[in-house]
Amino acid sequence: MTATTALSKNPKLLAWVSEIQAMCQPDQVLWCDGSRDEYQQMLDLMVQGGTAKWLNKTKRPNSILVLSDVGDVARVEDRTYICCHKKEEAGPTNNWADPAQMRDTLRKLYAGCMKGRTLYVIPFSMGPVGSPIAHIGIELTDSPYVVANMHLMTRVGKKVLDVLGNGDFVKCLHSVGYPLKLADGSTRKDLAWPCDAQNKYITHFPEDREIWSYGSGYGGNALLGKKCFALRIASVMARDQGWMAEHMLILKLTNPQGVVKYVAAAFPSACGKTNLAMMEPTIPGWKVQCVGDDIAWMKFGPDGRLYAINPEAGFFGVAPGTSYATNPNAMESVKANSIFTNCGLTDDGDVWWEDMTEEEPEHLIDWHGKDWAPGSDKKAAHPNARFTAPAHQCPVIAPNWEDPAGVPIDAILFGGRRATVVPLVTEARSWRHGTFLGSIMGSEKTAAAAGGLGQLRRDPMAMLPFCGYNMARYWQHWLAMGQKGQATDTSWGKMPRIFYVNWFRKSSSGKFLWPGYGENSRILKWVFERCEGKAQAIETPIGNLPDKQALDLQGLDVSGEDLSELLRVDKAGWTAELPSIEQHFAEFGNDLPQGLRDELAALKQRLVK
Ligand code: GTP
Ligand code: SPV
Ligand code: MN
């Protein structure tokens, strides 16, 4: 249970908690011990306060539904800041703010912002507690919703403080920004979803390894271990310390002979990581098991190879589109002990979202809390509605997913939503070429972040919203990691092979050409066999592609014509894209690594040949 007395003697931690307490002025401070009772206490508190509803206990045991404010439904990239001393260190793709000025702005907002509320101290470990790859953070928050979610998404509690001792930690401060007592002494009632929708700040101080978040209670804005720490702050730590923090799933792929390879894949938000990470292969004898579905931390092991851990302990997954047909293992993971946010509530007290079942419920309460029926022009669930579930509930969680040493990565996939130009799969020619393909990755925008739905944008390595420093220097770090891993311009050394995939190519009539989901196993098989040096590939100007013979197509229901289109090297399309790639690179000026300049020049040459 939460404790009113400090659970740590760490002087830096105690001083920081006192300082924040004095600034935010909560009614009380409670320390989280990470116990099951404490988790239950948070759920009860949310239900009593009107934030959450219990779902039907037989259909969905020990699970709640939470509906957020309509102004607080996704990450807010335009309110996300990297606050380092030099603007060029944040680079052209991040919002930059001067650290002292930003702290000044935020101190004013934080002053008294927790009046009438409880300040929770959440000690958490990203990665198995005590693993040499793991790192510790402390989140201070006034949101029981955040406490409960952190319990599922990270390892929380006393055990973390024991490992921390008097050591250093990442300071993560969070407030929903809705005090219950105002400066003039008046009071106000709490809201079901308190926030300060017009005044959000998601700020990072990478030089101080610190995060200050204000005004939002949703997802990556508020669960600070996830994108803020495990990607934005960790990417800077990784650069400084010679490792990698990436927006990647990790999966364990076993062939019919029992040989195992590990694949990591970077796709932008809502582009299929959770689905690929726990897919059911359609090709007989092949097995996919999940190590992680969103973030990978990779370090060189004693054998010189890259080893990855999943720093998280749960899934914060996109609900709409998730079904027994597309992702049965996610459906099984959320059967109980889960938190649902912005989903519809059925008349029998269960959750529902678009495409969860073939047949739509006759009636439900939508995520706005209004009546909904099939044919409504409104969605039952918000497109960025999410489930939070413990990873160990996934039926295909890899038995070794918590191995503190991590798993050796054989292949890295990049991918995004590209209706045209980009083929189903392309193997990079080398680590440097793969880094180039990652650096020019593009994807149509999804609902995971506010604004601009469907627009094509460059999202290098799926890290555009998550890189805590200058993107071009991050590419340089990728190239440097390759050198450490003995990759040359023509060989992979000990580094994973890199592939560029696209499940989202469309026909001229706008339909997906590729069935995706479990059928993606056919591509994983080719990747596996390329890593073994077995499968065939054709050299093309954009990289190495399989032809129809090289892919296992048995039992696949795709026309020969569609397959040809999926595997077509669209030279004209790529040539037409060169100016936009040049423009993209030009944004980084002198920071652009020479290796990527050379790759672009080489691509141009190959395309005109
Ligand atoms: P974040 O949690 O935001 O990082 O997203 P994610 O990358 O884990 O994406 P997720 O697996 O949740 O998929 C997002 C959406 O893409 C869902 O609506 C899926 O149904 C859809 N999707 C996933 N895989 C495929 C695929 O292979 N083909 C098609 N057409 N859609 C897919
Ligand atoms: C993403 O947007 O990539 C997510 C969800 O995984 S959030 O935690 O909100 O960042
Ligand atoms: Mn994500």
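Residues numbered from 1 in each chain as written. Chains lettered and ligands numbered in written order. Predicted model: local features only at pLDDT ≥ 70, side-chain atom pairs only at ≥ 80, totals over all residues. Heavy atoms only, no water.

Quick look at helix α12 (residues 471–484)
Think of an α-helix as 3.6 residues a turn; residues three or four steps apart then line up on the same face.
Right, so step 1: Over its 14 residues, α12 extends 20 Å from the first C-alpha to the last, a length consistent with the 20 Å expected when each residue adds 1.5 Å.
Right, so step 2: Every buried residue of α12 is listed here: Met-471, Ala-472, Tyr-474, Trp-475, His-477, Trp-478, Leu-479, Met-481 and Gly-482.
Right, so step 3: Here α12 starts with a cap whose side-chain oxygen sits 2.9 Å from the backbone nitrogen of Ala-472, and that cap is Asn-470.
Right, so step 4: Trailing α12 by a residue or two, Gln-486 shows a phi angle of about 65°, which is positive. (Helix = DSSP H or I, 4+ residues; strand = E, 2+ residues; numbered from the N terminus. Expected span 1.5 Å × (residues − 1). Buried < 20%, exposed > 50% of the residue type's maximum accessible area, 1.4 Å probe, protein only. Polar contact = N/O pair within 3.5 Å; in protein donor to acceptor, adjacent residues only side chain to side chain.)

Here we look at the coordination of the manganese ion (ligand 3)
Right, so step 1: Around the manganese ion (ligand 3), the protein contributes the donor atoms Lys-227 (NZ), His-247 (NE2) and Asp-294 (OD), at 2.2 to 2.4 Å from the metal centre.
Right, so step 2: Angles of 66 to 175° at the metal separate the six donor atoms of the manganese ion (ligand 3), which places the site in the irregular class.
Right, so step 3: Here the donor residues for the manganese ion (ligand 3) map to a single chain with the spacing K-x19-H-x46-D. Note that Lys-227 is positioned in helix α8 (residues 225–241) and Asp-294 in the loop between β15 (287–292) and β16 (296–300), a separation of 67 residues in sequence.
Right, so step 4: Here Lys-227 falls in the buried class, since its relative accessible area comes to 6%. (Donors = N, O, S within 2.8 Å, 3.2 Å for Na, K, Ca; no water. Tetrahedral: all angles 85-135°; square planar, octahedral: opposite > 155°, others 65-115°.)

Some thoughts on the domain arrangement of the chain
A common way to state how big an interface is: give the accessible area lost once the parts meet.
Right, so step 1: Domains assigned within the chain are domain 1 (11–48 + 76–242), domain 2 (245–310 + 401–608) and domain 3 (314–393).
Right, so step 2: One C-alpha centre belongs to domain 2, the other to domain 3, and the line joining them spans 29 Å.
Right, so step 3: Each side of the interface is counted separately: domain 2 has twelve residues, and domain 3 has 13 residues.
Right, so step 4: Carbon and sulfur atoms supply 61% of the area buried between domain 2 and domain 3, which totals about 1,000 Å² over both sides.
Right, so step 5: On the surface where domain 2 and domain 3 come into contact, there are zero salt bridges.
Right, so step 6: For the pair domain 2 and domain 3, the number of links is two residue pairs in polar contact (both at pLDDT 80 or more).
Right, so step 7: The residue inventory of the side of domain 2 that touches domain 3, partitioned by class, reads eight nonpolar, two polar and two charged. (Domains from an automatic or database assignment. Contact = heavy atoms within 4.5 Å. Buried area = accessible area lost by both parts, 1.4 Å probe. Salt bridge = Lys/Arg side-chain N within 4 Å of Asp/Glu carboxyl O. Nonpolar A, V, L, I, M, F, W, Y, C, P; charged D, E, K, R; others polar.)

Details of the site of ligand 1
Right, so step 1: Surrounding ligand 1, one finds 22 residues, the nearest of these being Ala-270, Lys-273, Asn-275, Arg-386 and Tyr-517.
Right, so step 2: Between Gly-272 and ligand 1, the recorded distance is 2.9 Å, taken from a backbone N or O atom to an oxygen atom.
Right, so step 3: One of the side-chain N or O atoms of Asn-520 is found 3.0 Å from an oxygen atom in ligand 1.
Right, so step 4: Contact with the protein chains hides 92% of the accessible area of ligand 1, taken as 660 Å² for the molecule alone.
Right, so step 5: If you list the elements that add at least two residues to the shell around ligand 1, you get α9 (273–277) and β18 (314–318). (Near = heavy atom within 4 Å. Areas by Shrake-Rupley, 256 points an atom, 1.4 Å probe, with all protein chains shown as cover.)

Examining the site of ligand 2
Right, so step 1: Around ligand 2, the surrounding shell consists of Arg-75, Gly-219, Gly-220, Lys-226, Lys-227, His-247, Ser-269, Asp-294, Phe-316, Arg-386, Ala-448 and Phe-466.
Right, so step 2: Residue Arg-75 places a side-chain N or O atom 2.9 Å away from an oxygen atom belonging to ligand 2.
Right, so step 3: Residue His-247 places a side-chain N or O atom 3.3 Å away from an oxygen atom belonging to ligand 2.
Right, so step 4: For ligand 2, whose unbound accessible area comes to 290 Å², protein coverage reaches 98%.
Right, so step 5: Breaking the shell around ligand 2 down by element, the ones donating at least two residues are α7 (219–222) and α8.
Right, so step 6: Taken together, the residues that form the shell around ligand 2 break down as three nonpolar, four polar and five charged.
Right, so step 7: A domain-level breakdown of the shell around ligand 2 finds at least three residues from each of domain 1 (11–48 + 76–242) and domain 2 (245–310 + 401–608).

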